[in-house]
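Working through the structure, step by step
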Amino acid sequence: MAADIVLSAGVRSNLLQLQKTSELITATQSKLATGKRVNTALDNPINYFTAQGVQNRAGDLGNLLDLMSTGINTIQAANNGITAITKLVQSAQALASQAMQTSDTTIRAGLATQFDAIRGQVTQLAADAGFNGINLLDSGTSANLTVTLNENGNSSVTIAAVDFSSAGLSITASANSWATTADIQAASTDLTAALTTLRSQAQAFGSNLSTVQARQDFTKAMINTLQTGADSLTLADSNEEGANLLALQTRQQLSTTALSLASQASQAVLRLFQ
């Protein structure tokens, strides 16, 4: 048994130093392999748990980025819908203007038919302006959009859905096939009001979009700061650790030589018996 083996004080001292050096070499090699000077709580409990907490927050913010991206796409889809609906309304205005310039009831009736077709397209377009199941232009089938802006959930922005179908914009069907000027003027008034509503809502969506994009950029910057901070607490300096390993290997060789010298006293006694 090892306990029955008697070693001299010099040999034990050098053996202990050799064991310590081997442990330091193993630890240094681990740092070089992982790139971290703090791999477990045993290495540095304060730095380890602080870095872990910071990394957890960065991860939570990273999850929010996906939600923000979805929110941005939803707002952009709605804004694209408003742009397209605006063009349709302007086309309908052009038809009303043409109808006002003629007294031929047949031509007016044809223009009124085209107007009703555009009116139907407005409703269909509004229904198709959704993203990921949320349509901000069809409040009848979709809920409001809420975008969470921080990991605690106490900061958010809510974008209310609107009804931008032809009925929601108060664009009524052509009355009496636009047989009278009053019928055309009524349609023109509805279209003018609809354009005002569309432009106002486009501004509101633009403001909401800017807010979410600003928070998205802020969140990305914050994640980068958190990750950099966590790394500064745990990452190893490869140049320094490489120099440490070289020094430890040299010390190991010296300790081995010292151990050999310390054992020479016992070898001298052995030579006396020879």
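Keep in mind that this is a model prediction, so the values were computed, not measured. (Residues numbered from 1 in each chain as written. Predicted model: local features only at pLDDT ≥ 70, side-chain atom pairs only at ≥ 80, totals over all residues. Heavy atoms only, no water.)

Axis separation between helix α2 (residues 45-100) and helix α4 (residues 181-234) bottoms out at 7 Å; the angle between their running directions is 165 degrees. Our classification of the angle between α2 and α4 gives roughly antiparallel. The interaxial crossing formed by α2 with α4 has left-handed handedness. Of the residues assigned to the contact of α2 with α4, the class counts are 29 nonpolar, 20 polar and five charged. (Axes fitted to C-alpha atoms, helices over the stretch in contact; angles between N-to-C directions. Helix = DSSP H or I, 4+ residues; strand = E, 2+ residues; numbered from the N terminus. Parallel < 35°, antiparallel > 145°, perpendicular 65-115°, else oblique. Left-handed = near helix turned anticlockwise from the far one by under 90°. Nonpolar A, V, L, I, M, F, W, Y, C, P; charged D, E, K, R; others polar.)

What follows deals with the nonpolar core. Counting 46 residues, the largest nonpolar core has Ile85, Leu137, Phe164 and Trp178 as the members making the most contacts within it. Looking at this core, the elements with two or more residues in it are α2, α3 (105-127), β1 (145-148), β2 (156-159) and α4. The dominant element in this core, judged by the number of residues it contributes, is α2, at 15 residues. Aside from chain neighbours lying at most four places away, what touches Trp178 is Leu95, Ala96, Ala99, Arg108, Leu111, Ala112, Phe115, Asp183, Ile184 and Ala187. (Core = buried A, V, L, I, M, F, W, Y, C linked by side-chain atoms within 4.5 Å. Buried < 20%, exposed > 50% of the residue type's maximum accessible area, 1.4 Å probe, protein only. Contact = heavy atoms within 4.5 Å.)

On to the confidence of the model for the chain. Of all residues in the chain, 89% have pLDDT values of 70 or greater, and the mean over the chain is 86. For the chain, per-element mean pLDDT is lowest for helix α6 (residues 264-273), which scores 60, and highest for α3, which scores 95. (pLDDT = per-residue confidence, 0-100.)

What follows is about the packing of α2 against α3. Close contact between α2 and α3 brings their axes to 9 Å; oriented N to C, the two are set at 170 degrees. The orientation of α2 with respect to α3, classified from their angle, is roughly antiparallel. Contacts from Gly81, Ala84, Ile85, Leu88, Ser91, Ala92, Leu95, Gln98 and Ala99 of α2 reach α3 at Arg108, Leu111, Gln114, Phe115, Ile118, Gln121, Val122, Leu125 and Ala126. Of the residues assigned to the contact of α2 with α3, the class counts are 12 nonpolar, five polar and one charged.

Our next topic: the pairing of β2. Going residue by residue along β2, you find Val157 and Ile159 tucked away on one face and Ser156 and Thr158 left uncovered on the opposite face. One ladder, built from four bridges, connects β1 with β2; its direction is antiparallel. Bridged to Thr146 within β2 is Thr158. (Pairing = 2+ DSSP bridges.)

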